[in-house]
Every structure is written in structure tokens, then in C-alpha cells.
Amino acid sequence: MKAGVIFTGTGPILVLSSFDSFTDPRLVQKMAQKGLDKFIACDVDVALCQKKYGQKFDAVLKDVKQENDLRVLDYNGHNVFYNFAFAELGPPQYVG
């Protein structure tokens, strides 16, 4: 499992993914199907996400309505942006 902050044209989102990389062509295709053809992804420590999001983290993992390979943990851009320090983000990966 991998976690990342995805910076999009409408603001950042926090996602969980089973893909090895946010530049994996299959993940890029899934993002494009959701209207995200261009984005910047930064890895975030999964344990840190679990600590910051607690029960919401667990609920998203257990949500059977979502696919296993990509789950949105937080789509509130303001919340995502201020929940993580820049030092907690991995190097940017550019797509698009």
C-alpha cells in the first residue's frame, strides 16, 4: 500500500494505492478516467496517514464500494494541504 498527495488543477487530494508508483501507466489511466490527465504526486508515509486520519483511514480501507488499487482518503484540498508539512512529502512525480 502506498499513500500520496496528488496535486491537481482543483487542489490536492490524498490517495491510497496498491500500485508501486504514481506514474504506473495503469494508475495514470485510472486517474485520466476520473478527469485527472495532469497531476503532481508526492509519496507520504502510510503510517503517518493512518496516524493523522485514524478511523477514517481504516474506514476507507474497508470500504467495499471502492476498488482496491486506488482509494481517495481525503478530497478536501485545504485539509490535505495543511495536514502535511512539505518535509513529510516525497519528491514530486510529474504526470501529463
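Residues numbered from 1 in each chain as written. Predicted model: local features only at pLDDT ≥ 70, side-chain atom pairs only at ≥ 80, totals over all residues. Heavy atoms only, no water.

Trainee: What am I meant to see in the overall build of the protein chain here?
Mentor: Looking only at helices and strands, one finds 4 helices and 5 strands in the protein chain. Along the protein chain, helices and strands appear, N-terminal first, in the series β-β-α-β-α-α-β-α-β. Relative to the 2.2 N^0.38 estimate, which gives 12 Å for 96 residues, the radius of gyration of the protein chain is 12 Å and therefore close to what a compact globule would have. Dimensions of the protein chain, computed from C-alpha atoms along their principal axes, come out at roughly 30 × 30 × 25 Å. (Helix = DSSP H or I, 4+ residues; strand = E, 2+ residues; numbered from the N terminus. Rg over C-alpha atoms; globule rule 2.2 N^0.38 Å.)

Trainee: Would you mind going over the sheet that holds strand β2 (residues 11-17) with me for this structure?
Mentor: For sheets, the rule is that strands pair by backbone hydrogen bonds, running either parallel or antiparallel. With respect to topology, 5 strands assemble into an open sheet ordered β4-β2-β1-β3-β5, the strand pairing being antiparallel. If you trace the sheet from one side to the other, it starts and ends with β4 (70-74) and β5 (92-95), each paired once. In this sheet, adjacent strand axes meet at a mean angle of 35° when their direction is disregarded. The pairing of β2 with β4 spans 4 bridges and is antiparallel. (Pairing = 2+ DSSP bridges. Axes fitted to C-alpha atoms, helices over the stretch in contact; angles between N-to-C directions.)

Trainee: Hey, could you run me through helix α1 (residues 25-33) in this one?
Mentor: Quick reminder: α-helices carry 3.6 residues per turn. Residues three or four places apart thus point the same way. By the burial criterion, the buried members of α1 are Leu27, Lys30 and Met31. Take α1 and look down its axis: the buried residues cluster within an arc of 100°, on one side only. Those residues of α1 that are exposed and aimed more than 90 degrees away from the buried face are Pro25, Arg26, Gln29 and Gln33. The backbone nitrogen of arginine 26 has a side-chain oxygen 2.8 Å away, supplied by the residue at the start of α1, namely aspartate 24. (Buried < 20%, exposed > 50% of the residue type's maximum accessible area, 1.4 Å probe, protein only. Arc of directions from axis to C-beta. Polar contact = N/O pair within 3.5 Å; in protein donor to acceptor, adjacent residues only side chain to side chain.)

Trainee: How should I be thinking about the environment of phenylalanine 39 in this particular structure?
Mentor: Mapped onto the elements, phenylalanine 39 comes out in strand β3 (residues 39-44). Using a relative accessible area of 3% as the deciding quantity, one classes phenylalanine 39 as buried. Those residues in contact with phenylalanine 39, other than ones at most four positions away along the chain, are Ile6, Phe7, Thr8, Phe22, Met31, Gln93, Tyr94 and Val95. (Contact = heavy atoms within 4.5 Å.)

Trainee: Would you mind going over helix α2 (residues 46-53) with me for this structure?
Mentor: Within α2, burial applies to Leu48, Cys49 and Tyr53. The buried residues of α2 occupy an angular sector of 115° when projected down its axis, which confines them to one face. Those residues of α2 that are buried lie in contact with β1 (2-8), β2, β3, α3 (55-62), β4 and α4 (77-83). Of the residues flanking the start of α2, the one acting as N-cap is aspartate 45, its side-chain oxygen 3.3 Å from the backbone nitrogen of alanine 47. Remark: glycine 54 follows α2 within two positions and exhibits a positive phi of approximately 50°.

Geometric values such as these leave the question of function open.
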